[in-house]
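Okay, here's what each chain looks like letter by letter:
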Amino acid sequence: MFEYFAHRRAVKAKRAERAQRLATLPPDFHSSLTQADYRILAQPVSYIVSQVQDGSIDPQDVLLAYGKQAIRAHRATNCLTEVMITDAIEWAGMCDKNGPLAGMPVSMKDTVGVAGYDSTMGYTPLVNRPFQRHAPLTQLLLDAGALPFVKTNIPITLLSFESTNPLFGRTSNPHNAAYSPGGSTGGESALLAYGGSRIGIGTDVAGSVRVPAHYSGVYSIKCSTGRFMKVGNATSIPGQEGVPAVYSPMARTLEDLETFWKGVMSMSPWKYDHTVHPIPWREVEFKNPGKPKWGVIRHDGFVTPSPACERALDTVIEALKAQGHEVIELTPPSIPNLIQIGAQLLLADGLRTCTDPISYFESNDPGVAQGLKMFQLPSILRKLYTWYIRYVKHDNIYASLLDGYSEKSVYEFWKLVALREGEKQKWKEYLDSTGVELTLTVPNALPAVPDGGMKYGWRACGYSFMFNILDYTAGVLPVTKVSSALDGLGKGFRSSNAVEGKVYEMYDAKGMHGLPVGVQVAGRRLEEELVLKGMWIVKGALEAKGKGYDLLI
């Protein structure tokens, strides 16, 4: 009973703290947007930075405009956790006006460490445990002249494509409140889509910056390990290195994403964070300048892309071919096998670490709760259930996932790491044999899932997760929006396995009408510059056909 009241007090106190931080801001932050604010919000990051650098714009005015819009975004979507605007006002008065991100507000996922602020990740037991010092990432941003001003919502455990937790509540998709903005960096994608920020920071271990970009209609590049700063922040699975999580930027536009990447890299992040490779931003080119050879992955072996997502992919392919690009279909090494290995590595502790902080009266993420039940089943019952799925239901795909639901010993873990490395080599040799420089696929089988969709949708992350396991750079850009007229599911569709069946229970082109749909562009390891270049090519090809993407706001 004591724990119950402690949980209730923590929720009440944390929400009250957020409300007070908003309420006690200077009155200008609660006034209507002015024409000057709109002009600032309409400009790309590069323009704002240049104007701050030459003294044409005051960083305080930039912060005011984005602070106002962030508050509006929060009222619409519940996207904010920590409101740091009061400190950001002080930072704006002393920021380096010659820095590569001079005067530019930056939003960040709740996990990022900022001195004096919690990083609860939605766990009530972590309330009132503020960071004592800035994470290296935060310090670099401040040194670059940037203004960290808000932190954004996440799902409890960080293992979900929704952003809901007992502490801060649910964040909704700004395009349609009945749907998710993505996860685990969903508060960030909602804020960016609403225009409350232009550049932000997220993390990705199975698609957590790419799927939110896809769901919400913004841009992101998941880097390879060692390219972007990581240490000194909070995480739900400390020590997890089977499929390492990475911090990566997100942005409202592709131009902003490029400016952000270059700005961070110009600060020599390896001087702040020992895990970052000393690789400055590079000028790169394809073998045939401006015309890379493209490969397409149509199916991850688990879930067929929905009509909306398949249409987005086909739209990109057609636009590239119209520009004279070579695009081939790929048949890579077994993706299901890769996913099975990766899932066992990521969940090798049986979900214990990410659920340990959850208090007794605290609700878990619905998908993680489902997985936890399977891990907690007695071994004999789990084996009998898997046998039933494989031999009675004849569903080898789902059974192959169930095979991995057991906590791993060190002996078993090392064997999985060896298998992972073997798969990486197979993919290298295969891609080398094709001559493909960039790969196209969907970011996820569905557009944004409805509220509560991760109860079963958590199993369907193959299209994004495979690039985490391979440690390949992968970006997402918006392409189109769901059309109730074009994207209906044919009457003859039948799911081929239980995972696909549960996912397609959520697909509703009519209800999803107007939701963003993106495409994923993947390179190989440490090819952030090449992927960005490929994303520009895709964007240009779409615009040449009159199919450019219009932002929500």
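Coordinates for the structure precede this section.
Let us look at the structure shown here. (Residues numbered from 1 in each chain as written. Predicted model: local features only at pLDDT ≥ 70, side-chain atom pairs only at ≥ 80, totals over all residues. Heavy atoms only, no water.)

**As for the overall build of the protein chain**
Along the protein chain, the regular secondary structure elements total 20 helices and 13 strands. The C-alpha atoms of the protein chain give 22 Å as radius of gyration, which agrees with the globular expectation for 553 residues (24 Å, within 12%). When its C-alpha atoms are laid out on the principal axes, the protein chain stretches across 70 × 65 × 50 Å. Within the protein chain, the fraction of its 553 residues that count as buried is 61%. Expressed as a percentage of contacts within the protein chain between residues at least 6 apart in sequence, the contacts between residues at least 24 apart total 81%. Taken as a whole, the protein chain presents about 20800 Å² of accessible surface, with 53% of it coming from carbon and sulfur. Of the charged side chains in the protein chain, 57 are positive and 54 negative, and the gap between their average positions amounts to 4 Å. (Helix = DSSP H or I, 4+ residues; strand = E, 2+ residues; numbered from the N terminus. Rg over C-alpha atoms; globule rule 2.2 N^0.38 Å. Buried < 20%, exposed > 50% of the residue type's maximum accessible area, 1.4 Å probe, protein only. Contact = heavy atoms within 4.5 Å. Areas by Shrake-Rupley, 256 points an atom, 1.4 Å probe, with all protein chains shown as cover. Lys, Arg positive; Asp, Glu negative; His and termini not counted. Charge placed at Lys NZ, Arg CZ, Asp CG, Glu CD.)

**Some details on the pattern of salt bridges**
Taken as a whole and assessed by the stated rule, the structure comprises 28 salt bridges. Here Lys-14 and Glu-82 are joined by a salt bridge, their closest N and O atoms 2.8 Å apart. Residue Lys-14 is found in helix α1 (residues 2-23), and its partner Glu-82 is found in strand β1 (residues 80-83); the two are separated by 68 residues along the sequence. Across this residue pair, the class does not change: Lys-14 and Glu-82 are buried. Among the salt bridges present, the one from Asp-118 reaches Lys-14, with a minimum N-O distance of 2.8 Å. Here the residue Asp-118 occupies a position in the loop between β2 (105-109) and α6 (136-143), and Lys-14 occupies one in helix α1, the gap between them amounting to 104 residues. In terms of burial, Asp-118 and Lys-14 fall into one category: buried. A single salt-bridge network, built from bridges that share partners, covers Lys-14, Glu-17, Arg-21, Glu-82 and Asp-118. (Salt bridge = Lys/Arg side-chain N within 4 Å of Asp/Glu carboxyl O.)

**A word on the packing of aromatic side chains**
Where two aromatic rings form a pair, the distance of their centres and the angle of their planes describe that pair. What the rule picks out here adds up to 10 aromatic pairs. With a centroid separation of 5.0 Å and an interplanar angle of 70°, the aromatic rings of Tyr-4 and Phe-361 are classed as edge-to-face. You can see Tyr-4 sitting in helix α1 and its partner Phe-361 sitting in the loop between α12 (352-355) and α13 (366-376), a full 357 residues away along the chain. Joined through ring pairs, the aromatic side chains of Tyr-4, Phe-5, Tyr-360 and Phe-361 make up one cluster. Its end group placed over the ring of Tyr-456, Lys-502 keeps NZ or CZ at 4.4 Å from the ring centre. (Phe/Tyr/Trp six-rings, centres within 6.5 Å; stacked < 30°, edge-to-face > 60°. Lys NZ or Arg CZ within 6 Å of the ring centre and 35° of its normal.)

**Regarding the nonpolar core**
In this structure, Leu-440 and Val-538 are the most contacted members of the largest nonpolar core, which totals 166 residues. Sequence-distant contacts of Val-538, that is, excluding residues within four places in its chain, are made with Trp-294, Val-316, Leu-320, Leu-440, Leu-477, Val-519 and Val-521. (Core = buried A, V, L, I, M, F, W, Y, C linked by side-chain atoms within 4.5 Å.)

**What about unusual backbone geometry?**
Of note, the amide linkage connecting Gly-183 to Ser-184 takes the cis form, showing an omega dihedral of 5°. Locating Ser-184 in the fold gives a position in the loop between β5 (169-170) and α7 (186-194). Despite not being glycine, Asn-78 shows a phi value in the positive range, around 60°. Its location among the elements puts Asn-78 in the loop between α4 (59-77) and β1. According to the relative accessible area criterion, Asn-78 is buried, its value standing at 17%. The backbone of Thr-157 sits at a positive phi, close to 80°, despite the residue not being glycine. Its place among the elements puts Thr-157 in the loop between β3 (147-152) and β4 (164-165).

**Re α6**
Of all the eight residues making up α6, six are buried; the element is thus mostly covered by neighbouring parts of the structure. Looking at the buried side of α6, the elements it contacts are α5 (85-94), β2, β3, β6 (199-204), β8 (246-251) and α9 (254-265). Taken from the residues just after α6, Gly-145 is the one with a positive phi, measuring 90°.

**So, the environment of Pro-333**
For Pro-333, the position within the fold is in the loop between β10 (327-329) and α11 (335-346). Placed 98 residues apart in sequence, Pro-333 and Leu-431 show a C-alpha to C-alpha distance of 9.8 Å. Excluding its chain neighbours within four sequence positions, the residues that come into contact with Pro-333 are Glu-423, Lys-426, Trp-427 and Tyr-430.

**Structural notes on the sheet that holds β8**
With mixed pairing, 11 strands are arranged side by side in an open sheet as β1-β3-β2-β6-β8-β7-β12-β13-β11-β9-β10. Looking at the sheet topology across the chains shown, the edges are occupied by β1 and β10. Neighbour-to-neighbour, the strand axes of the sheet open up by a mean angle of 30°, direction not taken into account. As paired strands, strand β12 (residues 474-481) and strand β13 (residues 516-522) are joined by seven bridges and run antiparallel to one another. Within β13, the residue paired with Val-476 across the bridge is Gln-520. (Pairing = 2+ DSSP bridges. Axes fitted to C-alpha atoms, helices over the stretch in contact; angles between N-to-C directions.)

**Focus: the environment of Thr-138**
Relative to the elements of secondary structure, Thr-138 occurs in helix α6. For Thr-138, a relative accessible area of 0% gives the class buried. Those residues in contact with Thr-138 that lie beyond four places of it in its chain are Met-108, Val-112, Gly-113, Val-114 and Pro-148.

**Side note on the packing of helix α10 (residues 307-322) against helix α20 (residues 528-544)**
Following both chains from N to C, one finds α10 and α20 inclined at 85°, their axes separated by 8 Å at the closest point. In terms of orientation, α10 and α20 fall into the roughly perpendicular class. Together, Thr-315, Val-316, Ala-319 and Leu-320 of α10 and Ile-537, Val-538, Ala-541 and Leu-542 of α20 make up the contact between the two elements. In the contact of α10 with α20, the residues fall into seven nonpolar, one polar and no charged. (Parallel < 35°, antiparallel > 145°, perpendicular 65-115°, else oblique. Nonpolar A, V, L, I, M, F, W, Y, C, P; charged D, E, K, R; others polar.)

**Description of α20**
Along its 17 residues, α20 runs 24 Å from first to last C-alpha, staying within 8% of the 24 Å computed at 1.5 Å per residue. Immediately downstream of α20, the backbone of Gly-546 shows phi near 70°, a positive value. (Expected span 1.5 Å × (residues − 1).)

**Details of the pairing of β2**
For β2, the buried fraction is high: five of the five residues fall into the buried class. Summarising the sheet, β2 and β3 pair through five bridges and their orientation is parallel. Residue pairing for β3: Ser-107 is matched across the bridge by Val-150. Crossover β2 to β3 through α6 is right-handed. (Right-handed = clockwise from strand over helix to strand, strands pointing away.)

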